[in-house]
Amino acid sequence: MKTVPIQLPSTVFSALRKNPEEFVQEMRIAAAVKWDELGEISQSKAAEVAGLTRAEFINALSRYRVDFMQYTAEELAQEIANVD
């Protein structure tokens, strides 16, 4: 795993009432959730970014009130057309 240093003001940790390690982990999850929601990355890649299993990531989506099924109108129409 690659370690990337990140500098944050020491005052930000109180925002979520978390220690620095917990805060950074929550940042990873929040970024992965948003990127998944925007369709920028796949759900499996988002789980990897978040440092979670796929099941844990789906639970995180629920916690952030993001639907785990992200379909565009075209994708949904294609899914419906392919139903046998």
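Residues numbered from 1 in each chain as written. Predicted model: local features only at pLDDT ≥ 70, side-chain atom pairs only at ≥ 80, totals over all residues. Heavy atoms only, no water.

Caption draft 1: Up close: the packing of helix α2 (residues 43-50) against helix α3 (residues 54-63). Direction vectors running N to C along α2 and α3 enclose 90 degrees, while the axes themselves pass 9 Å from each other. Classed by the angle they form, the pair α2 and α3 counts as roughly perpendicular. Between α2 and α3, the residues in contact are Gln 43, Ser 44, Ala 46, Ala 47 and Ala 50 and Arg 54, Phe 57, Ile 58 and Leu 61, respectively. Class assignment for the residues of the contact of α2 with α3 results in six nonpolar, two polar and one charged. (Axes fitted to C-alpha atoms, helices over the stretch in contact; angles between N-to-C directions. Helix = DSSP H or I, 4+ residues; strand = E, 2+ residues; numbered from the N terminus. Parallel < 35°, antiparallel > 145°, perpendicular 65-115°, else oblique. Contact = heavy atoms within 4.5 Å. Nonpolar A, V, L, I, M, F, W, Y, C, P; charged D, E, K, R; others polar.)

Caption draft 2: Geometry of the side chain of Asp 36. Assignment of secondary structure puts Asp 36 in helix α1 (residues 20-37). In this structure Asp 36 is buried but unpaired, with Arg 54 as the nearest side chain of opposite charge at 7.5 Å. What Asp 36 contacts, discounting residues up to four positions off in sequence, is Ile 41, Ser 42, Gln 43, Ala 46, Phe 57, Leu 61 and Gln 70. (Buried < 20%, exposed > 50% of the residue type's maximum accessible area, 1.4 Å probe, protein only. Lys, Arg positive; Asp, Glu negative; His and termini not counted. Salt bridge = Lys/Arg side-chain N within 4 Å of Asp/Glu carboxyl O.)

Caption draft 3: Spotlight on the packing of aromatic side chains. According to the stated counting rule, one finds one aromatic pair in the structure shown. The interplanar angle of 90 degrees and the centroid separation of 5.3 Å between the aromatic rings of Phe 13 and Phe 23 together place this pair among those described as edge-to-face. Here Phe 23 lies in helix α1 and Phe 13 lies in the segment before α1, a separation of 10 residues in the sequence. (Phe/Tyr/Trp six-rings, centres within 6.5 Å; stacked < 30°, edge-to-face > 60°.)

Caption draft 4: Seen up close, the layout of surface pockets. Volume-wise, the largest pocket comes out at about 350 Å³. As for the largest pocket, its lining consists of Met 1, Lys 2, Thr 3, Val 4, Pro 5, Ile 6, Val 24, Gln 25, Met 27, Arg 28 and Ala 31. Looking at the lining of the largest pocket, its residues break down into seven nonpolar, two polar and two charged. Computed from the structure, the second largest pocket encloses a volume of approximately 230 Å³. (1 Å grid on protein atoms, 1.4 Å probe; cavity = no way out; pocket = protein on both sides within 12 Å on 5 of 7 lines; lining within 4 Å. Points joined across faces, edges and corners; volume = space filled by probe spheres on them.)

Caption draft 5: Highlighting the side chain of Gln 43. For Gln 43, the position within the fold is in helix α2. Taking the relative accessible area as the measure of exposure, Gln 43 reaches 12% and is therefore buried. At 2.8 Å, the side chain of Gln 43 forms a polar contact with the side chain of Arg 54. Other than its neighbours up to four places away in sequence, Gln 43 contacts Asp 36, Arg 54, Phe 57, Ile 58, Leu 61 and Phe 68. (Polar contact = N/O pair within 3.5 Å; in protein donor to acceptor, adjacent residues only side chain to side chain.)

Caption draft 6: Geometry of the nonpolar core. Core analysis: the biggest nonpolar cluster contains 10 residues, these being Ile 29, Ala 32, Val 33, Ala 46, Ala 47, Ala 50, Phe 57, Ala 60, Leu 61 and Val 66. When residues of this core are traced back to their parent elements, those giving at least two are α1, α2 and α3. In this structure, Ala 60 is in contact with Ile 29, Val 33 and Leu 52, ignoring residues within four places of it in sequence. (Core = buried A, V, L, I, M, F, W, Y, C linked by side-chain atoms within 4.5 Å.)

Interpretation in functional terms is not warranted from these geometric data alone.
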